[in-house]
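Structure assessment
Residue-level listing of the chains:
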Amino acid sequence: TTPITVITGFLGAGKTTFVNYILKEQREWKICVLENEFGEVSIDDGLVAESLDTPEDLITMDNGCVCCSVRGDLVRTLGQLTKRRKEFDAILLETTGLADPAPIVYTVQTNPKMSEAYHIDSIVCLADAKHLNQHLDEKKPEGSVNEALQQVAFSDKILLNKIDLVTAQEKTALLARLKTINQFATILETERSRAPLGDILGLNSFSMESILNYDPSFFESQEGPSKHNLELVSSVGIEFQGSLHAQYFNMFMMDLLRERAADLYRTKGLLSFHGQGDTKFVFQGVHEQINFGPAKEPWKPDEKRVNKFVFIGKGLDRAELTKGLMECLYKEDEKK
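Right, let's walk through the structure included here. Since we're looking at a predicted model, the values are computed, not measured. One numbering rule holds for all chains: residues counted from 1, following each sequence as written. A pLDDT threshold of at least 70 governs which residues receive local features in this predicted model, and a stricter bar of 80 or more applies before side-chain atom pairs are shown or counted, although totals over entire chains, interfaces and linings include all residues. The side-chain quantities take in all heavy atoms of the structure and omit both hydrogens and water.

**Overview of the overall build of the protein chain**
Here is the rule: Per the convention used, a helix needs a DSSP run of H or I reaching at least four residues, while a strand needs a run of E reaching at least two, with both numbered from the N terminus. Summary of the burial criterion: residues with accessible area below 20% of their type's maximum are buried, those above 50% are exposed, and those between are partly exposed, where the area comes from a 1.4 Å probe applied to protein chains only. The contact criterion used throughout is that any non-hydrogen atoms of two residues lie within 4.5 Å. Only the protein chains shown count as cover for residues, and the accessible areas themselves come from Shrake-Rupley with a 1.4 Å probe.
Across its full length, the protein chain carries 10 helices and 13 strands. When each of the 336 residues of the protein chain is scored for burial, the buried share is 51%. Intrachain contacts of the protein chain at a sequence separation of at least 6 include 78% that bridge at least 24 residues. Surface accessibility of the protein chain: about 16100 Å² in total, with carbon and sulfur atoms responsible for 53%.

And the structure:
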């Protein structure tokens, strides 16, 4: 299947420059860029407009990349591209005015025509180092979460752009802040949106297996007075040893999603279930849409059965989540 990378980010973060770099400068990758305009006002029109007079809306660049403007239905556009997709190394879906990529992810994963041809490779947030703090601080009514926080929370990778415009001190503070909101995303520092595409595309970072490669330090307890988290959105990593009682775990997750799905941007897990032999299970989800299944590699005979969970979302209580999950452990004395 052809990988799709979803690019989110604020106006002014450098998405247009990034798209231009892909379409006009770099030569290693053949990429199909889809410009998806969900907002009413189309902002990046100037870039593509002059070449959009061709009837099929698909412009081929000198370097073999193509650019296409999606008006309306993404499924239709991807459907039309299915025949040509073998020509591309990757598809880049540039979203304007969209904070939550869940509908795109859901469509690609659940529509059989889509999932046969495509998979979501990663969700990349392009952020402008100079103005990101302002965007993250933006207050929304009723304590709802602003778009910048959501974009950072959803991403597998964050391109921290315009890094040359901030001081070393500002940069350190910003990196620390991003780690609080989403400590699982890889941060790449860029200037003028020049990013090494090999670090962004075709890495399958949006996959159930990605949790297997996380740095172990993510799961160490980050409690303590120094870690008072003032962010509305944060990321929590939890790990503990043992095997889970499948039924209890399912009930826990169903309750959690029923009550909190809207607040849970990303969830991931690596699980050992009692009674399932050496099968290692993994899951990942965006809101209430969870994909769950066996990992490619089983538990090794001498491997400790350590369950790992990642939650990124709004108003998460680490202690409460840990307690709820640990209550799902299978206890030998239960004759069920």
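**Comments concerning unusual backbone geometry**
In this structure, Ser193 takes a positive phi of about 60° despite not being glycine. Within the fold, Ser193 resides in the loop between β8 (186–189) and β9 (233–241). Judged by its relative accessible area of 1%, Ser193 is buried. Of note, the phi angle at Asn204 is positive, near 50°, even though the residue is not glycine. Counting through the fold element by element, Asn204 comes out in the loop between β8 and β9. By relative accessible area, which is 36% here, Asn204 ends up partly exposed.

**Describing the nonpolar core**
Keep this limit in mind: Side-chain atoms within 4.5 Å link the members of a nonpolar core, which is a set of buried Ala, Val, Leu, Ile, Met, Phe, Trp, Tyr and Cys residues.
Residues Ile4, Leu34, Leu78, Tyr118, Ile120 and Leu160 are the most contacted members of the largest nonpolar core, which totals 58 residues. For Leu160, the residues in contact, after removing those within four places along its chain, are Ala127, Ala129, Leu132, Leu174, Leu175, Leu178, Ile187, Leu188, Glu189 and Thr190. Core analysis: the next-biggest nonpolar cluster, separate from the first, contains 22 residues, Tyr21, Cys65, Val124 and Leu197 among them.

**Looking at the pairing of strand β11 (residues 281–286)**
Note the following rule: Strand pairing requires that DSSP identify at least two bridges connecting the strands.
Of all six residues in β11, six are buried, a share of seventy percent or more. Across the two faces of β11 the burial is the same, with Phe281, Phe283 and Gly285 and Val282, Gln284 and Val286 all buried. As judged from the six bridges shared by β11 and strand β12 (residues 289–294), these two strands associate in the antiparallel manner. Looking across to β12, one finds that Gly285 is bridged to Ile290. What sits between β11 and β12 in their antiparallel hairpin is a turn of two residues, with His287 showing a positive phi close to 55°.

**Re the packing of aromatic side chains**
The line we're drawing: We call Phe, Tyr and Trp rings a pair once their centres come within 6.5 Å, taking the six-membered ring for Trp, and we label the pair stacked below 30 degrees between planes, edge-to-face above 60, and tilted otherwise. Here, a charge over a ring means that NZ of Lys or CZ of Arg falls within 6 Å of the ring centre while also lying within 35 degrees of the ring normal.
Evaluated as defined, the whole model comprises 12 aromatic pairs. With 5.8 Å between their ring centres and 65° between their planes, Tyr214 and Phe218 make a pair best called edge-to-face. Each member of the pair, Tyr214 together with Phe218, is buried. Counting every residue linked through ring pairs, the aromatic cluster contains Phe240, Phe249, Phe273, Phe281, Phe283, Phe292 and Phe309. It is Lys280 that lies over the ring of Trp299; its NZ or CZ is 4.8 Å from the centre.

**Let's talk about the sheet that holds β12**
Which entries qualify depends on this criterion: Angles run from 0 to 180 degrees between N-to-C directions of axes, and those axes are lines fitted to C-alpha atoms, restricted for helices to the stretch in contact.
Across the sheet, five strands lie side by side as β9-β13-β10-β11-β12; this open sheet has antiparallel pairing. Of all the strands in the sheet, just β9 and β12 have a single pairing partner and so form its edges. Put simply, the sheet's adjacent strands are angled 5° from each other on average, direction ignored. As paired elements, strand β10 (residues 264–271) and β11 share six bridges and run antiparallel to each other. Bridge pairing links Gly269 to Phe283 in β11.

**Quick word on the pattern of salt bridges**
The cut-off we apply is this: For this analysis, a salt bridge means a side-chain nitrogen from Lys or Arg found within 4 Å of a carboxyl oxygen belonging to Asp or Glu.
Enumeration over the complete set of coordinates arrives at 12 salt bridges. Between Glu25 and Arg194 there is a salt bridge, with its nearest N and O atoms 2.9 Å apart. You can see Glu25 sitting in helix α1 (residues 15–25) and its partner Arg194 sitting in the loop between β8 and β9, a full 169 residues away along the chain. We note a salt bridge from Lys140 to Glu147, for which the minimum N-O separation is 3.3 Å.

**Focus on the packing of helix α9 (residues 246–260) against helix α10 (residues 318–326)**
Just so we agree on the cut-off: Classes in brief: Ala, Val, Leu, Ile, Met, Phe, Trp, Tyr, Cys and Pro nonpolar; Asp, Glu, Lys and Arg charged; the others, Gly included, polar.
With their axes 9 Å apart at the nearest point, α9 and α10 run at an angle of 150° to one another. For the pair formed by α9 and α10, the contact residues are Phe249, Phe252 and Leu256 on the first element and Leu321, Gly324 and Leu325 on the second. Residues of the contact of α9 with α10, tallied by class, amount to five nonpolar, one polar and no charged.

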